[in-house]
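# Structure at a glance
Spelled out, the chains give:
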Amino acid sequence: METANFYLDMALAWEYPDDGVADLAARIATGSPPESRTELEAFQEEIGRRPADENREEFTRAFDMNPVCFPYVGYHLHGDTYERGAFMVRAKAALAGRGIDAGAELPDHISLAFRLLARAGDASPDGAWMKAALRAAFARITATAEKIPAPYGHLARATAAIF
């Protein structure tokens, strides 16, 4: 498994799905580390048997309408507080320092965290900081993962297993 490519694929999995999400899910499951493979294979199976429009609906239901799993690292660590603001400032600086454009997305989005890990590496100061933040955020997310509908509940549990 090439870690940077795996992290980039995970970044895509945490974004609003396009028509290629079934191929992405298959690629992720194939290249996944052993500790997350079972959940990623279940994610692949669920994604693969649904039409693209239904996968988009499930994504919206899981992440946009479910406060248990808003896809924002800082939100899970700090809630809607000034501390989250400080987290986002640091994330934005780390992303910019690696040439990653957040576009219209908030800088603490999970997909951007994976992009940072792919560019910075696990051992760099920015990578180590974000990896620790993801570990803490997913400890909270997976504590209530049964409330996250399939297929994205599988993705959340797989992500927690990685960290």
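See the structure shown above.
Each value, and the rule that gives it
- Residues numbered from 1 in each chain as written.
- Predicted model: local features only at pLDDT ≥ 70, side-chain atom pairs only at ≥ 80, totals over all residues.
- Heavy atoms only, no water.
- Core = buried A, V, L, I, M, F, W, Y, C linked by side-chain atoms within 4.5 Å.
- Buried < 20%, exposed > 50% of the residue type's maximum accessible area, 1.4 Å probe, protein only.
- Helix = DSSP H or I, 4+ residues; strand = E, 2+ residues; numbered from the N terminus.
- Contact = heavy atoms within 4.5 Å.

## Section: the nonpolar core
- By size, the foremost hydrophobic cluster in this structure holds 47 residues, and its most contacted members are Met10, Trp14, Phe114, Met130 and Tyr152.
- Those elements giving two or more residues to this core turn out to be helix H1 (3-13), helix H2 (21-31), helix H3 (34-48), helix H4 (52-64), helix H6 (82-97), helix H7 (110-120), helix H8 (125-143) and helix H9 (152-162).
- With eight residues, H7 is the largest single contributor of residues to this core.
- Discounting chain neighbours no more than four positions away, the residues touching Phe114 are Tyr7, Met10, Ala11, Trp14, Thr159 and Phe163.

## Considerations on the side chain of Ser36
- Along the chain, Ser36 turns up in helix H3.
- Judged by its relative accessible area of 1%, Ser36 falls in the buried class.
- Those residues within four positions of Ser36 in sequence are excluded, and the remaining contacts are Ala158, Ala161 and Ile162.

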